[in-house]
Amino acid sequence: LIMIKTGIGYDVHPLAKGELLIIGGVKIDSPLGSVGHSDGDVLLHAIVDALLGAANLGDIGQHFPNSDERWKGKESIHFLEHAISLVREQGYEIDHLDSTIILEEPKLVDIIPEMTYKISYSLQIEEASVSIKATTTDKMGFIGRGEGVGAVAVATISK
């Protein structure tokens, strides 16, 4: 009997001058960066939540609370590696990740292949199993005004 489960993750962070913009583990040249307790990587945070949700293991805030100083400034790739180890401890493997980054500027099309590589390498899965897309909000809302960045992810796991 094959068991297939799906989880969804969502994250948003404000943008501010003087901060780094890191998405999908990749530092992006931008005048505005993501404000967060860790490195503010919205894509990895959404993927972590999707993986944890698929395996019914809670959410990123339960595992890495922003009230814990150990996680201050921490690279989110560590959260991703922790999440996948928990998922695999439950006997699951990742079948596919699908995600969308929501950001007005800068355009990410040329950076997405590097994000795909970093995520697939960290999870030890094929790059073909990691889908990353980017969109804007056509200048609407806080993301459209350049005040924030968001990401949504869906993880499919099975055993």
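Quick note: structure is the one above.
Now for a description of the structure that goes with this document.

Calculation rules
- Residues numbered from 1 in each chain as written.
- Predicted model: local features only at pLDDT ≥ 70, side-chain atom pairs only at ≥ 80, totals over all residues.
- Heavy atoms only, no water.
- Helix = DSSP H or I, 4+ residues; strand = E, 2+ residues; numbered from the N terminus.
- Rg over C-alpha atoms; globule rule 2.2 N^0.38 Å.
- Buried < 20%, exposed > 50% of the residue type's maximum accessible area, 1.4 Å probe, protein only.
- Contact = heavy atoms within 4.5 Å.
- Pairing = 2+ DSSP bridges.
- Expected span 1.5 Å × (residues − 1).
- Arc of directions from axis to C-beta.
- Polar contact = N/O pair within 3.5 Å; in protein donor to acceptor, adjacent residues only side chain to side chain.
- Core = buried A, V, L, I, M, F, W, Y, C linked by side-chain atoms within 4.5 Å.
- Salt bridge = Lys/Arg side-chain N within 4 Å of Asp/Glu carboxyl O.

1. Remarks on the overall build of the protein
When you go through the protein residue by residue, the secondary structure sums to five helices and seven strands. If you list the helices and strands of the protein from N to C, you get β-β-β-β-α-α-α-β-α-β-α-β. At 15 Å, the protein has a C-alpha radius of gyration in line with the 15 Å of a compact globule built from 159 residues. The dimensions of the protein, computed from C-alpha atoms along their principal axes, are 50 × 35 × 25 Å. Of all 159 residues assigned to the protein, the portion counted as buried reaches 47%. A sequence separation of at least 24 residues applies to 72% of the contacts in the protein between residues at least 6 apart.

2. Notes on the pairing of strand β7 (residues 148-158)
With eight of eleven residues buried, β7 lies mostly within the body of the structure. With eleven bridges connecting them, strand β1 (residues 4-17) and β7 associate as antiparallel partners. Counted as the bridge partner of lysine 5 is isoleucine 157 from β7. For strand β5 (residues 93-102) and β7, the ladder comprises nine bridges, and the chain directions are antiparallel.

3. Thoughts on helix α4 (residues 112-123)
Its twelve residues place the ends of α4 16 Å apart at the C-alpha level, agreeing with the 16 Å of an ideal helix rising 1.5 Å per residue. For α4, the complete set of buried residues consists of Ile112, Met115, Thr116, Ile119, Ser120, Ser122 and Leu123. Down the axis, α4 shows its buried residues gathered within 160° of arc, on one side only. Residues of α4 that are buried in the fold lie against β2 (21-23), β3 (26-28), α1 (42-54), α3 (77-89), β5 and β6 (130-135). Two residues or fewer past α4, glutamine 124 is found with a positive phi of approximately 55°.

4. Concerning α1
It helps to recall that an α-helix has 3.6 residues per turn; residues three or four apart then point in one direction. Between its first and last C-alpha, α1 extends 18 Å over 13 residues, near the 18 Å set by a 1.5 Å rise per residue. Here α1 lies mainly inside the structure; twelve of its 13 residues are buried. By the burial criterion, the buried members of α1 are Val42, Leu43, Leu44, His45, Ala46, Ile47, Val48, Asp49, Ala50, Leu51, Leu52 and Ala54. A distance of 3.3 Å separates the backbone nitrogen of leucine 43 from a side-chain oxygen at the start of α1, and that oxygen is part of aspartate 41. One or two steps after α1, the chain reaches asparagine 56, where phi turns positive at roughly 55°.

5. Observations regarding unusual backbone geometry
Following glutamate 105, the chain continues into proline 106 via a peptide bond in cis, with omega recorded as -5°. Look at aspartate 138: it is not a glycine, yet its phi comes out positive at around 50°. Inspection of the secondary structure assignment puts aspartate 138 in the loop between β6 and α5 (141-144). Owing to a relative accessible area of 63%, aspartate 138 belongs among the exposed residues under this scheme.

6. Some details on the nonpolar core
Ranked by internal contacts, the top residues of the largest apolar core, which has 43 residues, are Ile23, Leu51, Met115 and Ile119. Contributing elements (two or more residues each) for this core: β2, β3, α1, α3, β5, α4, β6 and β7. Tallying contributions element by element places α1 first for this core, with ten residues. Sequence-distant contacts of isoleucine 119, that is, excluding residues within four places in its chain, are made with Gly24, Leu43, Leu44, Ile47, Leu80, Leu97, Val130 and Ile132.

7. Here we look at the pattern of salt bridges
Across all of its chains, the model carries four salt bridges by this definition. Among the salt bridges present, the one from glutamate 93 reaches arginine 88, with a minimum N-O distance of 3.0 Å. Glutamate 105 serves as the salt-bridge partner of lysine 107, at 3.9 Å between the closest nitrogen and oxygen. Taking relative accessible area as the criterion, lysine 107 reaches 53% and is therefore assigned exposed.

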